[in-house]
Amino acid sequence: MANWSIRAIALGANFIMKEAITVGLDVGLQIWFPYLAFFLTDGKRKILVDCGISENWIVDGKAWGGFPAYGGTEYALKEFEKAKINPQEIEMVLYTHLHNDHTGCSHLFDRAIHVFQWDEWQELINPLPSMRLRKDYNPGVIPVFEKLQCWKIDGDMRLMDGIMVYKTPGHTAGGMCIGVETTKGTYLLTGDTAHIYQNLFSQCSEMTLLSGETIRITPAPPVYGPFVPSSLVYDHYAWYRSLYRMRALCPSMEFALPSHEPTIAGRTFPE
Ligand SMILES: [Zn+2]
């Protein structure tokens, strides 16, 4: 078992309605959800998973859905400095998917190899009209990626000792989870296949916010089953298949780390 550690770093946040992320639950509740990046290291190698939102995609302080947001390059650089991460030392950036809030700072990693699914690239360069309407993808990153060294992979792959990627479509066509082996077991970075814990645990009843305050949230009625979809699932059949698959990829769903879960911002795993 490889000996990686995982640090969840908030590269900004978006103040959005929880019902957009957990359909039908806590209607009217608005929360700051972080844009998480994950720094992985085994003591020698340094990898980043996702890289926040672009300042060009925050207009008048508002981002996706017209909701207030903060982040961008300057904000990310300060957070990397606080975490003692030098972008020039990152050898690989893995993208759970290419939505605007996961690709914003890719230009900072010009020495790295950038890894994402081929299907995700196709969706970025040719999104459906509904995706254009929602501004899910930022076409401004296409010329950035064209200048960087990219691996457009197809399906599952063991990238190096202790780091695996698994294609998990549903939220997008080329979504992938990252498996990270640690001394305590294999963690799974879910991307937006699960935005927050409640997508994975329908009975979830509390959430710790970025402010540190813990709030009560509404457990899903039994009709939901084990998982709660977001309003951003483009293929529900694929999404449910991906969720059942994810269950088999880590020791338990407790090892899953969703990419907008405020409870895990700033924490290191294994703890
Ligand atoms: Zn997304």
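Structure's up top.
Residues numbered from 1 in each chain as written. Predicted model: local features only at pLDDT ≥ 70, side-chain atom pairs only at ≥ 80, totals over all residues.

Draft legend 1. A look at the pairing of strand β10 (residues 176-182). For β10, a buried count of five out of seven residues is recorded, marking the element as mostly surrounded by other parts of the structure. Examined bridge by bridge, β10 and strand β11 (residues 185-189) share five bridges and lie antiparallel to one another. Within β11, the position partnered with Gly-179 by the bridge is Leu-188. Hairpin connection, β10 to β11: the antiparallel pair is bridged by two residues. (Buried ≥ 20, exposed ≤ 12 C-beta atoms within 10 Å, placed from the backbone. Helix = DSSP H or I, 4+ residues; strand = E, 2+ residues; numbered from the N terminus. Pairing = 2+ DSSP bridges.)

Draft legend 2. Quick look at unusual backbone geometry. Cis geometry is found at the peptide bond from Phe-269 to Pro-270, where omega equals -5 degrees. Among the secondary structure elements, Pro-270 is positioned in the segment after β15 (268-269). With phi around 65 degrees, Asp-50 is a residue other than glycine that occupies positive phi space. By secondary structure assignment, the location of Asp-50 is in the loop between β3 (46-49) and β4 (69-71). On the basis of neighbour count, Asp-50 is assigned to the buried category, with 28 C-beta atoms found within 10 Å.

Draft legend 3. Looking closely at the sheet that holds strand β14 (residues 256-257). In spatial order, the strands read β8-β9-β10-β11-β14; together these five strands make up an open sheet with mixed pairing. Only two strands of the sheet have a single partner each, and these edge strands are β8 (157-160) and β14.

Draft legend 4. Region of the structure containing the environment of Leu-108. Inspection of the secondary structure assignment puts Leu-108 in the loop between β5 (92-94) and β6 (113-117). The class for Leu-108 is partly exposed, based on 19 C-beta atoms found within 10 Å. Sequence separation between Leu-108 and Val-27 is 81 residues, and the spatial gap between their C-alpha atoms is 38 Å. Contacts of Leu-108, omitting those with residues within four sequence positions, involve Thr-73 and Pro-87. (Contact = placed C-beta atoms within 7 Å.)

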